[in-house]
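Analysis of the macromolecular model
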Amino acid sequence: MQIAVVGTGYVGLVSGVCFSEFGFRVICVDRDSDKIGNLQQMIMPIYEPGLEKLVESNSKAGRLSFTTDLAKAVEKADVVLLAVGTPQSETDGMPDLTALHGAVKEVAKALKQYSVIVTKSTVPVGTNRSIAKMIAATNPNADFDVASNPEFLREGVAVEDFMSPDRIVAGVDSKRARDMMAKLYEPVCLNGAQMFFTTYESAEVIKYTANSLLAARIAYINEIADFCERTGANVRDVAKGVGMDHRIGSKFLNPGPGYGGSCFPKDTMALKTMAERAGAPITIVDAAIASNETRKHRMADKVIAAAGGSVKGKTICVLGVTFKPATDDMRESASLTIVPALQKAGATIRAYDPEGMKEAAKMISGVEWCDDAYKAMTGADAMVIITEWNEFRSLDLKKVRAALKTPLVVDLRNIYKRQDMQKHGFHYVSVGRQDVKPGEPWIADLNIDDEKAA
């Protein structure tokens, strides 16, 4: 089987490389000649653990190649994966399908044999049926089917997710397309993965529903963390106790500075807009979006409060700026709100991130970027952990204490134990687990009056 992948962004590159690892012949296409030239020289456009090694081995084996010639890649392809970007529109929150529609028309013109056109890009409900009509209109003689095959890759573990997925969702409209999709994913299914066939519309909604539900869980536990801080509860214990219920589970119950990345912000906004247009508003998603935006600003306020109510003239060390560890992706990262807010409040920012500084420098100005964590914290009035990179979990606390001008650590990811930090002399502020005395006024207000109860 020969596969053409249109678009070498995050989804397209990972998918194409992994399919080549399964033994298929894969041609990845992109109109960006610089990106293609770099890939031909094994220079990766993104940071993703394990990806570079697979690109090198499969390219040398002759199974994987890169080109700017879409027609050549598509003409002999049994499967064409559409993995072009669908960024959020600035006008209505819906995905901008301009690039996708352009790619569909190019693919349609290039079709020479039967092919299944597989949409990997995240698209609104109804898009795949529109794609089928567009191909037929552009090339009436084309022999093709369309399939909706949403991706569920997590940045940082995308290769692993592709090789061992929770599920494979395929929206199809014919037996021929179903058979081709089954053949495409046969190597994965032989390893135990489950493949679920459904309609175009259901496949499209599954993607948005899954991401929005996860985003809502994050927003929910973040608000519970605030409640825990006010009542003396420990959000870690609360999350563990709740997650032990098998109906709920423990995933995505870790509080932090708010969700970001390429999927959750864009997909929640798209679902919100689609639901409103369909006359079935999803107010839970609306609330998650609003809560997450508020969260990022609240984290900047948290740092300022921890610094005594003002950061004017102070130097703040920021560790981690990407939206999550094991990626260089800065899209919708909490740092894009927190850092400028601290700067506006008068702080000087020194920062370090293992992989994201190059991208971050394009998006945040006035930051002193450092070569390592210890250089960033030297002489700083506070250290703020925004992204939970593994190397930040095992810092030499004696060295940290000596480097900081003021022993203040604001840990927005709860990667340290309060007792350890206090033992080393830090004023340690974390999320959802502050020390609150039972006699505090707001605790008393929550208690049931004994006389009234009687």
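Position labels on residues start from 1 in each chain and follow its written sequence. With pLDDT at 70 or above as the cut-off, local features in this predicted model cover only qualifying residues; side-chain atom pairs require 80 or more to be listed or tallied, and sums for whole chains, interfaces and linings still use all residues. Only hydrogens and water are set aside when side-chain values are computed; all heavy atoms of the structure are taken into account.

Quick look at the confidence of the model for the protein chain now. Along the chain, pLDDT gives the predictor's confidence residue by residue, from 0 to 100. Summary statistics for the protein chain give a mean pLDDT of 94 and a share of 96% for residues scoring 70 or more. It only takes one pair of heavy atoms within 4.5 Å for two residues to be counted as in contact. Under a pLDDT of 50 for its full length, residues 450–454 has, in the predicted model, 1 contact with residues more than four places off or in other chains.

To continue, consider empty space enclosed by the protein. Each cavity reported here is a set of points on a 1 Å grid over the protein atoms alone in which a 1.4 Å probe fits but cannot get out, each pocket an open set with protein on both sides within 12 Å along at least five of seven lines, and each lining residue one with an atom within 4 Å of a point. Grid points are joined across faces, edges and corners, and a volume is the space filled by probe spheres set on the points. All chains considered together, the criterion is met by 1 cavity of 30 Å³ or more. Of the voids in this model, the largest cavity is the one considered here, and its volume is about 50 Å³. What lines the largest cavity is T119, S121, T122, V123, S148, P150, A203, E204 and K207. Split by residue class, the lining of the largest cavity holds 3 nonpolar, 4 polar and 2 charged. The nonpolar class holds Ala, Val, Leu, Ile, Met, Phe, Trp, Tyr, Cys and Pro. Asp, Glu, Lys and Arg form the charged class, and all remaining residues, Gly among them, are polar.

Any Lys or Arg side-chain nitrogen located within 4 Å of an Asp or Glu carboxyl oxygen qualifies as a salt bridge. If you walk through the whole model with that rule in mind, you get 24 salt bridges. Between D267 and K266 there is a salt bridge, and its shortest N-O distance comes to 3.8 Å. Here D329 and R331 are joined by a salt bridge, their closest N and O atoms 2.8 Å apart. We call a residue buried when its accessible area falls under 20% of the maximum for its residue type, exposed when it is over 50%, and partly exposed in between, using a 1.4 Å probe and counting protein chains only. Taking the relative accessible area as the measure of exposure, R331 reaches 41% and is therefore partly exposed. One continuous salt-bridge network, built from bridges that share partners, spans R129, D173 and E201.

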